[in-house]
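Chain by chain, the residues run as shown.
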Amino acid sequence: YPLLAYHWTRSGVAAKAVKYQGLAGEQALASGAYREATLFLTAALKRDAPAPEEESPDARFRRARWERQLAEAHLGLGDTREGRTHLSRALEQLGAPLPVTNRQLAGRLLRQLILQAYHRAFPTRAVGRGRRPPEECLEASRAYIRLTEVFWFANDVPALVHAGIRALNLAERAGPSPELARAYAMLCLAAGSIPIHPLARMYSRRALEIARMADPLASVAYVRFATSVYKIGAARWQEVQEALDEAEAIFDQLGDRRLLGDTRTAQGMLGIYRGHFEAARALFIKLYDDGVRNENVQHQVWASLGRAACELRTGRPGDAIHVLERMLGLLVDHPDPAEQIQAYGLLTAARWRQGEDAAALDAASSAARLIVQNKRPTAFYLFEGYTGVAEVHLDRWAAGDRSPTTRQAARQACAALHTFAGIFPIGKPRDLLLNGRLLHLSGRPRRARAAWQASLSAAQQLSMPLDAALAHSQLGLSSTGTPQGQWHLEQARTLQHQLGVPWDRTPAGPTCHK
């Protein structure tokens, strides 16, 4: 196709040039040659631009498909901004545009919720419903599925829920399909971000059922990966490990470099929460190298964030700072609020540990500002962003800075972490731990100890060994000189040794100020 596209372009035969440029773009996209795909598809769209009054339904559908594929190529390179632009254009061509204003978003979201409730009550009536041809429904669903991912990364809950439900309602009209399986998987993510966990689990089960029936390879892998993203935030470790291993094997077999990198990112984050820091660090280093080789900026950013978290936890804050500064350079041209929150939260903790107080507070202010702007988190991996800010302000207070500004900053950061923990169960142990510190600093020692005990119980229940170590350490320090306090400190020391985390008796644990 590339040779034919070149030949007919040089010959000046516009119709054939457009046809083969489009086919070459599709072929490049399928093989993971995302840069090449953007060139061919952009050329096809530029050459195939009839006047609106001359455009037939077939031409609009063709252009919509190319716009969506061009978005896929940009997303494959990690460029969510260009991806979103072309997905929006695709939906305009299909007559299913995105809402422009918040009022439109609220109205359309309500309409889609009502329609989804109807589909759930009368599932057999959904297929074939409406005047839109099935293939147009599926094409629009593909675009909305990808937008659900984009809005998830952008931390935009209303837009995420609207896109997810619209994708599902469109796919359900066409009957069982790979798109339907993927739409159910996206609704699992959306429901988990509200959060409505029973609904998220229902959509997860339905996604896998449809995937195994409609597309037992690519769609099964996608569903296993996407629903694992929800399950990591819910701390369902065993299910996640099995699902990600299956997804990784299939994406590797299919040669899908983007989704293979996405899956390995999730595996690395799983390693961090389970306390496997050195293994996760090695995985993130490889992921970064793959991201550079594949020109995928998003994978480079994720790999940097994951590696920085590992470096910080294993006592190498200087290395974490180096990695984060390089990563923030990548975000200059590809800004993303969720990734910035995590980056600044990690940078806050790393600089504080290095004794760079002013720089740590600057990073904390940047993270706090973004947290306030984005209100409710959609992504579990924001955990380090929220905790880094709260820990540093509590450390300042504990070190003797009792100014109203410091106390207010600590309370606001703890309140934000509490919101995070209300959505993602993995945040519960740290939320209780830091709330206990806040209570202790506020002169409520009994309530503080109860919070630390609850933190320990939550960490053990969720199998989060680092958080268990932090809770043991805090309980031990609050009972210094007693047998019970000594036992807690020994438990903390043992767990941190097993995790490869430097032993630290100070209240903040491994992110404390030195």
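Whatever comes next refers back to the structure up there.
Residues numbered from 1 in each chain as written. Predicted model: local features only at pLDDT ≥ 70, side-chain atom pairs only at ≥ 80, totals over all residues. Heavy atoms only, no water.

Help me out: how do you make sense of the overall build of the chain in this one?
Across its full length, the chain carries 24 helices and zero strands. Here the C-alpha radius of gyration of the chain, 25 Å, is about what a compact globule of 514 residues would show, namely 24 Å. Oriented by its inertia axes, the alpha-carbon framework of the chain measures out at about 85 × 50 × 40 Å. By residue count, 57% of the 514 residues in the chain fall in the buried class. A separation of at least 24 residues holds for 65% of the contacts in the chain among residues at least 6 apart in sequence. Accessible surface for the chain amounts to roughly 21,100 Å². Of this, 53% is attributable to carbon and sulfur atoms. Of the charged side chains in the chain, 64 are positive and 50 negative; the average position of the first set lies 6 Å away from that of the second. (Helix = DSSP H or I, 4+ residues; strand = E, 2+ residues; numbered from the N terminus. Rg over C-alpha atoms; globule rule 2.2 N^0.38 Å. Buried < 20%, exposed > 50% of the residue type's maximum accessible area, 1.4 Å probe, protein only. Contact = heavy atoms within 4.5 Å. Areas by Shrake-Rupley, 256 points an atom, 1.4 Å probe, with all protein chains shown as cover. Lys, Arg positive; Asp, Glu negative; His and termini not counted. Charge placed at Lys NZ, Arg CZ, Asp CG, Glu CD.)

Before we go on, may I ask you to explain the nonpolar core in this structure?
Soluble, globular proteins show a tendency: their nonpolar side chains are buried together. Grouped together as the largest cluster of nonpolar side chains are 143 residues, with contacts concentrated most on Tyr144, Phe225, Ile272, Tyr273, Phe380, Tyr381 and Ile426. Per-element accounting of this core gives the leading share, eleven residues, to helix α9 (residues 178-193). Those residues in contact with Ile272 that lie beyond four places of it in its chain are Phe277, Ala280, Phe284, Gly306, Ala309, Cys310 and Glu384. The next biggest cluster of nonpolar side chains, apart from the first, holds twelve residues, and it includes Leu29, Tyr34, Leu45 and Leu77. (Core = buried A, V, L, I, M, F, W, Y, C linked by side-chain atoms within 4.5 Å.)

Explain empty space enclosed by the protein here, please?
Gaps between atoms show up when a probe of the same size as a water molecule is rolled over them. Under the defined criterion, the tally for this structure stands at four cavities of 30 Å³ or more. Reported here for the largest cavity is a volume of approximately 360 Å³. Taken together, 25 residues line the largest cavity, and the ones lying closest to its centre are Trp152, Phe153, Phe225, Asp262 and Trp302. Listed by contribution, the elements that provide at least two residues to the lining of the largest cavity are α7 (134-153), α9, α11 (218-233), α13 (257-274) and α15 (297-313). Considering every element that reaches the lining of the largest cavity, the biggest residue donor is α13, with six residues. Its residues placed into classes, the lining of the largest cavity shows 17 nonpolar, four polar and four charged. (1 Å grid on protein atoms, 1.4 Å probe; cavity = no way out; pocket = protein on both sides within 12 Å on 5 of 7 lines; lining within 4 Å. Points joined across faces, edges and corners; volume = space filled by probe spheres on them. Nonpolar A, V, L, I, M, F, W, Y, C, P; charged D, E, K, R; others polar.)

Sorry if this is basic, but what is going on with the layout of surface pockets here?
Here the largest pocket is characterised by a volume of approximately 760 Å³. If you go around the largest pocket, you meet 27 residues; those closest to its centre are Leu29, Arg68, Glu72, Arg182 and Asp256. Looking at the lining of the largest pocket, the elements that each hand over two or more residues are α2 (14-30), α4 (57-76), α7, α9, α11, α12 (237-254) and α13. Looking at the lining of the largest pocket residue by residue, the class counts come to ten nonpolar, five polar and twelve charged.

Just to check I follow, could you spell out the environment of Leu105 for this structure?
Position of Leu105 relative to the elements: it lies in helix α6 (residues 102-121). Given a relative accessible area of 14%, Leu105 falls into the buried group. Counting along the chain gives 33 residues from Leu105 to Leu138, while the straight-line C-alpha distance between them is 22 Å. Apart from residues no more than four positions distant in its own chain, Leu105 is found in contact with Pro99, Pro158, Ala159 and His162.

Would you take a moment to explain the side chain of Thr378 for this structure?
In this fold, Thr378 is placed in the loop between α18 (357-374) and α19 (383-398). When its relative accessible area of 0% is taken as the criterion, Thr378 is described as buried. Ignoring any residue separated from it by four or fewer positions in sequence, one finds Thr378 in contact with Trp152, Asn155, Asp156, Val157, Leu160, Ser193 and Phe424.

Is there a simple way to think about the packing of α19 against helix α21 (residues 428-441) in this case?
The packing of two helices is summarised by the inter-axis angle and the distance between the axes. Look at α19 against α21: their axes get within 11 Å of each other, and the N-to-C directions meet at 20°. Between α19 and α21, the crossing angle belongs to the class labelled roughly parallel. Where α19 crosses over α21, the two elements pack in a sense that is left-handed. Residues Phe383, Thr387, Ala390, Glu391, Leu394, Asp395, Trp397 and Ala398 of α19 form the contact with α21, whose participating residues are Arg430, Leu434, Arg437, Leu438 and Leu441. Partitioning the contact of α19 with α21 into residue classes produces eight nonpolar, one polar and four charged. (Axes fitted to C-alpha atoms, helices over the stretch in contact; angles between N-to-C directions. Parallel < 35°, antiparallel > 145°, perpendicular 65-115°, else oblique. Left-handed = near helix turned anticlockwise from the far one by under 90°.)

For this particular structure, what's the right way to read α2?
One full turn of an α-helix is made of 3.6 residues, so residues set three or four places apart face in the same direction. Taking 1.5 Å per residue, 17 residues should reach 24 Å; α2 reaches 24 Å between its end C-alpha atoms and fits that length. The set of residues buried in α2 consists of Ala17, Val18, Tyr20, Gln21, Gly22, Ala24, Gly25, Ala28 and Leu29. Of the residues flanking the end of α2, it is Gly32, one or two places downstream, whose phi is positive at about 85°. (Expected span 1.5 Å × (residues − 1).)

Sorry, what's going on with the packing of aromatic side chains here?
Aromatic ring pairs: the centre-centre distance and the angle between the two ring planes describe each pair. For the structure on display, the rule yields eleven aromatic pairs. Where Trp152 meets Tyr381, the ring centres are 5.8 Å apart and the plane angle is 70°; that geometry is what we call edge-to-face. You can see Trp152 sitting in helix α7 and its partner Tyr381 sitting in the loop between α18 and α19, a full 229 residues away along the chain. Taken individually, Trp152 and Tyr381 each receive the classification buried, so the pair is uniform in this respect. Ring centres 5.9 Å apart and planes at 85° place the aromatic pair Phe380 and Tyr381 in the edge-to-face group. Grouped by ring-pair contacts, the aromatic residues Trp152, Phe153, Tyr273, Trp302, Phe380, Tyr381, Phe383, Tyr386, Phe420 and Phe424 constitute a single cluster. One cation-aromatic arrangement involves Arg326 over Tyr288; the distance from NZ or CZ to the ring centre is 4.1 Å. (Phe/Tyr/Trp six-rings, centres within 6.5 Å; stacked < 30°, edge-to-face > 60°. Lys NZ or Arg CZ within 6 Å of the ring centre and 35° of its normal.)

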